[in-house]
Protein chains: 2
Amino acid sequence: MAKDKGSSFNLKTPKGTKDWSGSDALLRDRIFTTIANVFKRHGGTALDTPVFELREILAGKYGEDSKLIYDLKDQGGEICSLRYDLTVPFARWLAMNSDVRSIKRYHIAKVYRRDQPAINKGRMREFYQCDFDIAGTFDAMVPDAEILRIVSEVFEELGWTGRYTIKLNHRKILDGVFAVCGVPEDKLRPISSAVDKLDKMPWADVRKEMVDQKGLDPEVADRIERYVMNKGSRELLDSLLKDETLNANASAKAGLEEMSLMMDYLEAFGVLDKISFDMSLARGLDYYTGVIYEVVTEGSAGVQADAPEAQKAKKGKAKASEDDDRSNDPTLGVGSVAAGGRYDNLVGMFLPKAQIPCVGISFGVDRIFSITKARIEREQKSNALRNSEVDAYVMAFGGKGFGGMLKERMEICQKLWSAGIKAEFSYKLKPKLPQQFKAAEQGAIPFGIILGEEELAAGKCRIKEMGLPEGHAEKEGVEVEIASLVPELQTRLAKKQEGAVSSLAAQLQGASV
Amino acid sequence: MAKDKGSSFNLKTPKGTKDWSGSDALLRDRIFTTIANVFKRHGGTALDTPVFELREILAGKYGEDSKLIYDLKDQGGEICSLRYDLTVPFARWLAMNSDVRSIKRYHIAKVYRRDQPAINKGRMREFYQCDFDIAGTFDAMVPDAEILRIVSEVFEELGWTGRYTIKLNHRKILDGVFAVCGVPEDKLRPISSAVDKLDKMPWADVRKEMVDQKGLDPEVADRIERYVMNKGSRELLDSLLKDETLNANASAKAGLEEMSLMMDYLEAFGVLDKISFDMSLARGLDYYTGVIYEVVTEGSAGVQADAPEAQKAKKGKAKASEDDDRSNDPTLGVGSVAAGGRYDNLVGMFLPKAQIPCVGISFGVDRIFSITKARIEREQKSNALRNSEVDAYVMAFGGKGFGGMLKERMEICQKLWSAGIKAEFSYKLKPKLPQQFKAAEQGAIPFGIILGEEELAAGKCRIKEMGLPEGHAEKEGVEVEIASLVPELQTRLAKKQEGAVSSLAAQLQGASV
C-alpha cells in the first residue's frame, strides 16, 4: 500500500482512481449518450441519488463485500458511506417514495469499492455503472422482455451486431432442476455457484468441486449435468416442457411457463435470435427471484470452456492470477459486458409495506469502453479517437499589416457558432499559416476556413477540406461568398458525416473483431 | 443536528443532499445538455476527475473554507477528501500532465461542502458545477473574450435573451484605482471585499464599513466612490483612458489597455451589448489576476442597491438572515448565476515548473435550474415539465378474445423503437382502453397509436394526436397503413416540435419573467 513519502508532495490521483481526458473521455461520453438514448426511447426517466448514503442504508445488503465499502470520516452529524452500486439507492428511493407504484428509471453514475485495484485489467475503485430498471406489478414477463429488447438496442447501436449473445435462464427453473436431481436444501446455494462457473471451467472440474469440495452425491452431479450442459432456444424449452419429471416440480413448471411466455415476447420484439437459453447461468447475487441474464461477447470472454488445455495451464497458476480475470465490476461474471435479472424482494428490505417487484439490467461501461477502444485502435479508425469534435478551423492567410485578421477570424467564428457549427481559431494575433494548419490537423478537424485579404475585400473566403490527396480538384479549397459560408459548410459537413463518421454504430458496424 | 434515533431505521438521504427524479431530473438534464453543447461547439474536451482527491492536494487552497471539506475515513492506505470544487482538480491535472501546454476543458460534476444546508434556499452539501476553462499562453484577451461569448451562447440557448447581464471588471484596474485613491497596501484586500458588496448594499453602508470598521481615511473613501460607482460600456472605458491620474499607475494602465482590447473582441463576437463594465465588481476569491466577471439576472438578484428602504429593513435582522441570501455555491456572489475570471498562478501552486495561465467560467446550475423551473411553472408550460419525453403510446382497442393484442402492440413498438421513436405500451395482457388513455395523458405523451382488430386485419391502425379539442377533424385519429406508420408519425412529430416544444430556448424564448 502506497504510503505518504514523508512530507514530499504526492502529485497523483488516489489509488484505484484515474482521470479521464481527451479521446478516452470523448469515446466514453459517446457510449453513455448511446446507452442513455436507448433508455429514453423506452420511456426511462433519470434518477440521480447522492454519491453517499447513510451507512445504515447500505448495511446488510452486500454480505461479505461490505468490507469494500468506503466510509466517510465522522466529522460530527450523520455517519455516511459512498454508494457501492446503484441498485440499493434505487430500492431506498422506492421505499421512500411509496406513492410511486411503477417507474422505469435509469441511472448512469460512479460507484465505489475499496477493492484491490488492477488498473491494467480495468479493475478500479471508482467506476461507472449504467442501470435501467422497471419497478411495478405487471403481467408476467412483459417488462422482462422489454429489458432484453433494450439490451439488444444498446449493443446494436454500439455497432456490435453479430458479436454478442444474451445468455438467459430462470431462477425457478434452476431451483427446480436442483430439486428434481436431488440436491439437498442446504447445498442449493454452493451447488448453484459451482454451476455458474461453467463459463470458465469444464464440466469435469465443476463436478469435482461439487463432489469433492461440497460433498454432493456423484449420482446427483451426473443428473445435474444432463440439464445444465444444455444451451439452445425454443427447441430446448420444448424438450424441457415435455420432461415429466421436471414438470412435476412446481418451481420448474412455473419457470418453464414463464420462459415460454418470454420467448413469445422476445420474438414479437425481434430479439429472439440474440438469445441463448443457457441452463448453466446462475448469477452470483442472492436477490434474484426470476429471469436472469448476462451478455457475453467474444472480445470480453475469458478462457473458453471448449479449450480445456488452455484451461488447465491457467488453473496451475496461483489464485491471484485467477482473480485477475475478474471484471472491473464484480457483479458481472467473467467475460460479460452487461447483466441483470428480476428481483422482487429487495425494496421490502427497507420497508415491507413498500414492497414492489423489479427487473433490471446493468451495463459494464468500463469493459464496453475497453473493447470498443481496442477495436477502434486495431482498425485505426482515427476519426473515432479525436480529442474533440470540432467541425472547422478558421485561419488567416497573410494579413501582415492587419494583425493576422484576428477580428475577421472572430467574426467568422461568431457566424459559425451562431449556426451551431463547432469552430476554433488561433488565439495568436499573427499566427503563421503552417501553425494554423498544424492545429487543424492535430485536432483532426475536417474543414479549414481560410481568410485572405483580397478575397475578404471581395466578400469571399475559402473552404478547404483537410487531408485531400494531391491532385484532388478541391485540394486548394473552394472560394465561397461569406454570405453563403454557413450553408455551404453545413452541406459539406452533412455529406462528410453521411459517408463516414456519424454514430458509433456507423463507425464500428462493419468492423471485424 | 439529526442524530440516529436509537436503533430505528432512518429512511432518508444524508443531510444537505437530495434525490433528483421525474420532471426535475429531466429539466436539469436538458440544462446540462444545452451547456455541454455550447462547450463542445467551442472545442471543449471533457475532463473527468475522481470524486475524491488526496487530502494534501486540497490542503491550503480554500483558506478558511477548508473546514467545509468532507474527509473520507482512514480505512488504511491513503488519506482522501471529497472535492470541494472543480478548479483545484483541474489545476492538479494540469500540473500532472505538464506536456499539455494548452487545453480547453469542461467538467460538469458534483462538488461537496459540509456547509450548513438551507434546502429551501437551494444551499446544498452536494451540488453540481459546470466549468469551462482555457489553459495556455496566448495573446492577451483572446481566450478571455471567447469565454464571455460562451456565457452569452449558454444563456441565449437557455431562453434568457434580454434577461441577463454580464458584469465585467479587471483586477488590475481595481488595484490601480485603490492605489491612486490612496488605500494603504495592508487594507487592499478588506477594502476590495467591501466594494464587492455594492451589489447588495448602498454606497453609504459600504462607506461606513470602510471608514468605521476598516479604518479607512474618509477622503480616500470618497475618492473610491468616484470610480467604483461607475457602470457602463465603451464610453466609461474611454473616459477612464483619458484619466491622467489613473493612467499614471502602471497596473491601472495595463488593465485599461486589456479592457480596451477585450471590448474590441467582444464586439467582433457580437456580445458587447450583453456586457456591463462594472467598476464595483471585485469577486471574492484571491487567485484572480486579470479580468473578472459575474452574470446576473433579474430572477436571481437579491435586494437591489436602489431600494435603500428595503435594504435597511433587511439589515435590521440578525446575521443569519443575511447568510440566507447566499448562493448555494458560495463562490457565486448574491444574485449571480455564473462567475469566473483569469487566474494565472494557481497551477504553479502544485508544480512551479508547470505554471500555465488559465481563464474560466463556472455556471451555477442549481440556481439556473430553480429560475428556469419557476418560470416554466408560472407560465404553465406543462410540456416542459414532463417526466419523460415519450413520443407515442401504443394501445389496443378491444381484442377480448385475443389477449388485448399484446404481441401486436409489442410488434408495433418494435417498429417504432427501430426507427428511433420513443414509445411505450401497457404491460398488462388485457388493458382497458380508458387506462391506456390515462397513461398516455399522465405522461403528456403527444400521440396514441390505436390498434383495433378489424383495422389490423386490413393492415391498418390509427394515429391519434392527444388533447385535440372537441370537433377537431382528427379528434378520433386518422387511419394509416401500418407499413407507412413510421413515416406518418415522424412527419407529425416533426410538425408538432416545430410549432412548440423543441429546445429549451424555443420553449422559454418568448416568455416573460
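Residues numbered from 1 in each chain as written. Chains lettered and ligands numbered in written order. Predicted model: local features only at pLDDT ≥ 70, side-chain atom pairs only at ≥ 80, totals over all residues. Heavy atoms only, no water.

In the nomenclature of an unreviewed UniProt entry, chain A is known as Histidine--tRNA ligase, mitochondrial of Penicillium concentricum. Under the Function (unreviewed entry) heading, UniProt states for chain A: "Catalyzes the aminoacylation of histidyl-tRNA in both the cytoplasm and the mitochondrion." The UniProt entry for chain A carries the following text under Catalytic activity (unreviewed entry): "tRNA(His) + L-histidine + ATP = L-histidyl-tRNA(His) + AMP + diphosphate + H(+)". (UniProt positions renumbered as here; feature names shortened; annotations may be inferred.)

Asker: Which residues make up the overall build of chain A, and what values go with them?
Answerer: When its secondary structure is counted, chain A shows 19 helices and 16 strands. Out of the 513 residues in chain A, the part that is buried amounts to 56%. In chain A, 72% of the contacts between residues at least 6 apart in sequence involve partners at least 24 apart. For chain A, the computed accessible surface area is about 20900 Å², with 50% contributed by carbon and sulfur atoms. (Helix = DSSP H or I, 4+ residues; strand = E, 2+ residues; numbered from the N terminus. Buried < 20%, exposed > 50% of the residue type's maximum accessible area, 1.4 Å probe, protein only. Contact = heavy atoms within 4.5 Å. Areas by Shrake-Rupley, 256 points an atom, 1.4 Å probe, with all protein chains shown as cover.)

Asker: Report on the UniProt feature "binding site: L-histidine" (unreviewed entry) in chain A, specifying residues and quantitative values.
Answerer: Residues and elements named next belong to chain A. According to UniProt, the feature "binding site: L-histidine" (unreviewed entry) maps to Asp85, Leu86, Thr87, Arg113, Gln129, Asp133, Arg283, Tyr287 and Tyr288 in the numbering used here. Secondary-structure assignment places Leu86 in the loop between β3 (80-82) and α3 (87-96). Not counting residues within four places of it along the chain, the set of residues in contact with Leu86 comprises Arg105, His107, Ala109, Val111, Gln129 and Asp131. Mapping Arg113 onto the fold places it in the loop between β4 (103-112) and β5 (126-135). Note on Arg113: relative accessible area 1%, which makes it buried. At a separation of 2.9 Å, a polar atom in the side chain of Arg113 contacts the main-chain carbonyl oxygen of Tyr84. (Polar contact = N/O pair within 3.5 Å; in protein donor to acceptor, adjacent residues only side chain to side chain.)

Asker: Go over the side chain of Arg105 of chain B, please, and point to the residues and values.
Answerer: Residues and elements named next belong to chain B. Mapping Arg105 onto the fold places it in strand β4 (residues 103-112). From its side chain, Arg105 meets the backbone oxygen of Leu86 in a polar contact 3.2 Å long. A distance of 2.8 Å separates polar atoms of two side chains, one belonging to Arg105 and the other to Asp133. In this structure, Arg105 is in contact with Thr45, Leu47, Leu86, Phe90, Asp131, Phe132 and Asp133, ignoring residues within four places of it in sequence.

Asker: How would you summarise the interface of chain B and chain A if you had to cite specific residues and measurements?
Answerer: On the side of chain A, 97 residues touch chain B, which itself brings 96 residues to the contact. Of the roughly 8400 Å² buried between chain B and chain A on both sides combined, carbon and sulfur atoms contribute 58%. On the surface where chain B and chain A come into contact, there are 14 salt bridges. One salt bridge connects Asp71 of chain B with Lys73 of chain A, and the closest N-O pair in it is separated by 3.8 Å. The interface formed by chain B and chain A holds 41 residue pairs in polar contact (both at pLDDT 80 or more) in total. If one sorts the elements of the side of chain B that touches chain A by residue count, helix α15 (residues 406-418) of chain B sits on top with seven residues. Of the residues contributing to the side of chain B that touches chain A, the split by class is 43 nonpolar, 20 polar and 33 charged. (Buried area = accessible area lost by both parts, 1.4 Å probe. Salt bridge = Lys/Arg side-chain N within 4 Å of Asp/Glu carboxyl O. Nonpolar A, V, L, I, M, F, W, Y, C, P; charged D, E, K, R; others polar.)

Asker: Report on the sheet that holds strand β14 (residues 447-452) of chain B, specifying residues and quantitative values.
Answerer: Residues and elements named next belong to chain B. One open sheet holds the five strands; their spatial order is β13-β12-β14-β15-β16, and the pairing between them is mixed. Since the sheet does not close on itself, it has two edges, and those belong to β13 (423-425) and β16 (478-481), each with one partner. Each strand of the sheet is rotated relative to its neighbour by a mean of 30°, with strand direction disregarded. Where strand β12 (residues 392-397) lies against β14, six bridges are found, and the strand directions are parallel. Across the sheet, Met395 pairs through a bridge with Ile450, a residue of β14. (Pairing = 2+ DSSP bridges. Axes fitted to C-alpha atoms, helices over the stretch in contact; angles between N-to-C directions.)

Asker: How would you sum up the relation of the copies chain B and chain A? Please name residues and give values.
Answerer: Mapping chain B onto chain A is achieved by rotating through 180° and translating by 0.0 Å along the same axis, at an RMSD of 0.0 Å. The superposition of one copy onto the other is thereby described by a two-fold rotation axis. Interface overlap between copies is the fraction of interface residues in one copy that are interface residues in the other; for chain B against chain A it reaches 100%, indicating a shared surface. (Least-squares fit on C-alpha atoms with pLDDT ≥ 70 in both.)

Asker: Tell me about the confidence of the model for chain A, residues and numbers included.
Answerer: Residues and elements named next belong to chain A. When pLDDT is averaged along chain A, the result is 86, and 85% of the positions lie at 70 or above. Low pLDDT (under 50) marks residues 1-7, which in the prediction has eight contacts with non-local residues, meaning those over four places away or in another chain. Considering only residues more than four positions removed or in separate chains, one finds that residues 300-334, a stretch of pLDDT under 50, has 60 contacts. Complex prediction metrics read pTM 0.85 and ipTM 0.84. (pLDDT = per-residue confidence, 0-100.)

Asker: Before we move on, can you summarise the environment of Asn387 of chain A with the specific residues and values?
Answerer: Here Asn387 of chain A shows up in the loop between α14 (365-378) and β12 (392-397). Asn387 of chain A sits 362 residues away from Ala25 of chain A along the chain, and the two C-alpha atoms are 8.2 Å apart. Apart from the residues within four sequence positions on either side, Asn387 of chain A is in contact with Gly22, Ser23 and Leu26 of chain A together with Thr45 of chain B.

Asker: So, unusual backbone geometry: which residues are in play, and what are the values?
Answerer: Although it is not a glycine, Ala444 of chain A adopts a positive phi angle of roughly 50°. Considering the arrangement of structural elements, one finds Ala444 of chain A in the loop between α16 (433-442) and β14 (447-452). Backbone geometry places Met141 of chain B, a non-glycine residue, at a positive phi of 70°. Structurally, the position occupied by Met141 of chain B is in the loop between β5 (126-135) and α4 (142-157).

Asker: Quick one: what's the story with the sheet that holds strand β6 (residues 164-170) of chain B, residue by residue and with numbers?
Answerer: Residue and element names in this part refer to chain B. Spatial strand order, β1-β4-β5-β11-β10-β9-β6-β8-β7: nine strands in an open sheet with mixed pairing. Two strands bound the open sheet, and with one partner strand each, they are β1 (45-46) and β7 (231-232). Here β6 runs beside strand β9 (residues 291-297); their pairing, made up of seven bridges, is antiparallel. Residue pairing across strands places Asn169 opposite Ile292, the latter belonging to β9. The sheet strands contacting helix α5 (residues 171-181) are β6, β8 (275-278) and β9, and the helix crosses β6 at an angle near 55°.

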